[in-house]
Amino acid sequence: MRYKVASSFLKLRTYCEAEDFKGWDPYDGLNSKVFQALPFKHWDLARLAWIQGFKRSPINFRSLLLVPKEHNAKGVSLFLLGYCRLYQLAENGCEDFGTKATILERINSITKLLLSLRSHGYSGSAWGYNFDWQARRLFLFPKHTPTVVATCFCVEALLESYKITKNETVLKETLSAADFVVNDLSRTPHGNGVIFSYSIKDGNNTVINASLLGAKILSYSYKYSGNTSHANLAKQAVIAACDLQEEDGSWIYGLLPIQSWKDSFHTGFNLDAIETYQQNTGDFTFQNNIDKGLKYYIENFFEDNGMPKYYDTKTYPIDIHCPAQVIVTLSKLNQFKNNEDLLAKVLDWTIDNMQDKKGYFYYQLKKGMSSKISYMRWSNAFMFNAMAHFLLETKSGNCGS
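Residues numbered from 1 in each chain as written. Predicted model: local features only at pLDDT ≥ 70, side-chain atom pairs only at ≥ 80, totals over all residues. Heavy atoms only, no water.

Colleague: Any details on the nonpolar core? Residues and values, ideally.
Modeller: Residues L114, W127 and M387 are the most contacted members of the largest nonpolar core, which totals 136 residues. Not counting residues up to four positions away in its chain, the partners in contact with M387 are V5, S8, F9, L12, L347, I351 and F361. (Core = buried A, V, L, I, M, F, W, Y, C linked by side-chain atoms within 4.5 Å. Buried < 20%, exposed > 50% of the residue type's maximum accessible area, 1.4 Å probe, protein only. Contact = heavy atoms within 4.5 Å.)

Put into structure tokens, the structure is as follows:
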């Protein structure tokens, strides 16, 4: 299995490096130069329909409709996280995926790239996406509008880079993201806690995992700066999220009626964020919530053969985020070894069913016609990071095997 994963990972890495980590995204339809030349670009429903058409189509029309391949900040952060894991692997004596020197060179270049992708004009470092995004509720998020989700992934990656490079400028610029969370996101009271907004626009303050990612950013600020007000505010967001956890350990996606589903990878995000808060602050008040959530996660989102389910009550679509996130989450929770058989089966199934012979991973498998388009952020970056985690957990001390 280690050989199979290593071989699969090398194919993926070769593909992504050849593309310079640029690519398409499920939601990048509005980057079409054809659409931007049409009067429909000023109509919200047309923008929404155009995005959804691109996202749902199993046929990729992006080249035909002039959608360029670009860097996506969240995707770049996931690649950076993955290379940091490879560096740790090399530190442990396994240089199957590069020497410390060659991987460090890659870490430095991607760190520089990620910092260059920041959105400007906010209270601190913040990141968004490289495309206009028309949300379901008819909010238009212009290109590079920062979100707490993109920002959190970038913060975690840059702090991992800092741990390796000791570049104090990187640390300073990254920690300023806490000011973005405190000053630029709205906060909605919920019970004894608060819910952070998804982005800077009002009216998008109902998403549980997004709020927890705000708490995650603030907990990192506390870890490195000792700012207790950030730790206290982070705890309020964790309190609200844990109050919203159901007795069986599950979470719905959000508070709106249309957000009442329960899915695999957002459950993984929740668990990861709460555990990160605990590790960074030393406050283990929420361990019972993690234990319940982890049990629900493991028991409801994976088939016996390793096939990952999107929802707790139904399988399809099988989304590449699901097998990727469980590896990262269980590694963060120090539960990898306890679930290694499951994770090996999940990764084995994913390689067999969702990796193209060119090395990239498919977006989604459906009962009908599946979407086997290569998406750099959604598919390849998530799997790159996940597989690097898997290799670090399983291959240290097993060089060349």
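Colleague: Give me the lowdown on helix α4 (residues 73–91), citing residues and values where you can.
Modeller: In this model, α4 (19 residues) spans 27 Å end to end at C-alpha, consistent with the 27 Å of a helix rising 1.5 Å per residue. The element α4 is largely enclosed, with a buried count of 17 among its 19 residues. In this structure N72 caps α4, since a side-chain oxygen of it lies 3.0 Å from the backbone nitrogen of K74. Once α4 finishes, G93 follows within two positions and takes phi at roughly 100°, a positive value. (Helix = DSSP H or I, 4+ residues; strand = E, 2+ residues; numbered from the N terminus. Expected span 1.5 Å × (residues − 1). Polar contact = N/O pair within 3.5 Å; in protein donor to acceptor, adjacent residues only side chain to side chain.)

Colleague: Before we move on, could you go through the pairing of strand β7 (residues 371–374) and cite the residues and values that matter?
Modeller: Taken together, the two bridges between strand β6 (residues 362–365) and β7 define a ladder with antiparallel strand orientation. Opposite Q364, over in β7, you have S371 as the bridge partner. Linkage of β6 to β7, two consecutive antiparallel strands, is achieved through a turn of five residues. (Pairing = 2+ DSSP bridges.)

Colleague: How would you sum up the pairing of β6? Please name residues and give values.
Modeller: Looking at chain direction, strand β5 (residues 318–319) and β6 are connected through two bridges and run antiparallel. The residue bridging D319 from the neighbouring strand is Q364, located in β6.

Colleague: Break down the side chain of S379 for me, citing the residues and quoting the values.
Modeller: Turning to its location among the elements, S379 is positioned in helix α15 (residues 376–395). Beyond its immediate chain neighbours, meaning those up to four positions away, S379 contacts I320, F361, Y362 and Y363.

Colleague: Residue-level account of a nonpolar patch on the surface, with values.
Modeller: A cluster of nonpolar residues, V34, L38, F40, W43, L45 and L66, forms a patch on the protein surface that exposes about 540 Å² of accessible area. The class for L66 is partly exposed, based on a relative accessible area of 44%. (Patch = residues over 30% accessible without salt bridge, like charges linked within 9 Å, V, L, I, M, F, W, Y side chains within 5 Å. Areas by Shrake-Rupley, 256 points an atom, 1.4 Å probe, with all protein chains shown as cover. Salt bridge = Lys/Arg side-chain N within 4 Å of Asp/Glu carboxyl O.)

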